Amino acid sequence: MTPERTRLAASLRELRARTGLSLAALATKTAFSKSSWERYLNGKSLPPRQAVQELCRLAGEPDGRCLALWEIAESEWSGRAQETPAPPPAATPSPTTPSPTTTGPATATGPATATGPATAAGAGASSAAAPAPASRLAGHRSVVAVAVTASVCAVAVGAVAVAAALLPPGADGASRASAEAPPHQDASSSAPHCRGAACEGRNPMGMRCAGSPVTLATRHTADGAWLEVRYSKECGASWARMWGTRVGDRLEVTADGRVHGAEIRTAADADAFVYTPMTVTTPGTTVRTCFRPARDGGRECVTSVPR
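Everything numeric in this text was worked out from a predicted model, so none of it was measured.

Draft legend 1. Fine view of the pattern of salt bridges. With the rule as written, the count across this model stands at 14 salt bridges. With its nearest N and O atoms 2.4 Å apart, the salt bridge here joins Arg18 to Glu61. Of this pair, Arg18 sits in helix α1 (residues 3–19) while Glu61 sits in the loop between α4 (49–59) and α5 (64–78), and the two are 43 residues apart along the sequence. Note on Arg18: relative accessible area 43%, which makes it partly exposed. Glu61 gets classed as buried once you look at its relative accessible area, which sits at 13%.

Structural data, given as structure tokens:
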């Protein structure tokens with residue numbers, strides 16, 4: 001089972017446990033059979049998008065995170081996340097034996113024929129102008145060797161030019177690429193796309209840091225909203241998320257003096273998970289998260305430390 005499907009199946013099992021429903025009960029409350037749910041929850045097959053949405057509904061969970069995991073798993077399942085195969089290398093042209101008309105020398109009185117040197121006025125001149133068969137064969141081999149060498153060099157130069165064109169411009173291109181994805185990882189894979197300082201201020205979902213984080217703290221606020229503080233050891237960063245919110249609610253996360261926040265701006269935001277940007281943290285860093293409701297209700301904060 002791929003890591004993408006493993007994460008999705010684990011999230012679905014967590015939601016199912018939250019509902020307290022058996023597989024048979026799930027089948028009666030959804031459009032999917034008991035055997036189908038058994039395959040979905042164990043990662044034996046990829047569930048339809050509708051199945052993920054229905055399970056989130058039964059668990060009272062916004063479907064944003066699970067659908068994001070489903071999109072990643074579905075992309076891998078369908079092959080859209082795989083690298084495009086490289087085109088086959090250009091075939092090396094096969095050498096052909098040159099015609100004697102292109103290599104045979106001509107005498108002073110006429111061009112060479114297809115079968116031998118041209119006839120001259122005297123036999124002595126003809127025999128002197130015609131090369132020996134061994135010399136002509138050696139000349140052919142030299143021409144072929146030069147042609148093959150030139151072809152190989154041309155292919156190598158072309159490959160270097162293509163590779164150079166694909167690199168980001170500027171002397172700092174390598175550092176920019178490492179900020180987006182770790183070394184030796186394809187950008188479309190499920191691995192995190194940043195680590196450490198490269199994650200500062202970035203979106204945890206977009207950087208694939210929210211796939212399997214550690215929950216440092218969970219709080220149900222007096223205003224009815226929920227907040228969680230999360231930490232990814234792989235990314236070396238923490239962030240917070242909120243749900244069950246109202247338009248105007250705000251969430252802030254602070255670590256080592258760096259502050260990042262998020263605000264519920266639309267009704268669509270209020271119906272989904274909303275994440276703060278990430279801030280770099282290491283084990284032992286104090287992370288302070290504060291929820292500010294749109295209505296006058298006072299700020300609620302929670303302090304947590306990743307281990």
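From this point, the narrative continues.
Draft legend 2. Geometry of the sheet that holds strand β4 (residues 250–255). Strand order in the open sheet formed by four strands is β5-β4-β8-β9, and the pairing between neighbours is antiparallel. Looking at which strands have only one partner, the edges of the open sheet turn out to be β5 (258–263) and β9 (300–304). Strand-to-strand, the axes of this sheet are offset by a mean angle of 15°, without reference to chain direction. With six bridges connecting them, β4 and strand β8 (residues 287–292) associate as antiparallel partners. Within β8, the residue paired with Ala255 across the bridge is Val287.

Draft legend 3. Expanded view of empty space enclosed by the protein. Evaluated as defined, the whole model comprises one cavity of 30 Å³ or more. As a volume, the largest cavity reaches approximately 50 Å³. Every residue along the wall of the largest cavity is listed here: Arg5, Leu8, Ala9, Leu12, Tyr40, Gly43, Ser45, Leu46 and Pro47. Here the element with the most residues in the lining of the largest cavity is α1; it accounts for four residues.

The rules we used
Residues numbered from 1 in each chain as written. Predicted model: local features only at pLDDT ≥ 70, side-chain atom pairs only at ≥ 80, totals over all residues. Heavy atoms only, no water. Salt bridge = Lys/Arg side-chain N within 4 Å of Asp/Glu carboxyl O. Helix = DSSP H or I, 4+ residues; strand = E, 2+ residues; numbered from the N terminus. Buried < 20%, exposed > 50% of the residue type's maximum accessible area, 1.4 Å probe, protein only. Pairing = 2+ DSSP bridges. Axes fitted to C-alpha atoms, helices over the stretch in contact; angles between N-to-C directions. 1 Å grid on protein atoms, 1.4 Å probe; cavity = no way out; pocket = protein on both sides within 12 Å on 5 of 7 lines; lining within 4 Å. Points joined across faces, edges and corners; volume = space filled by probe spheres on them.

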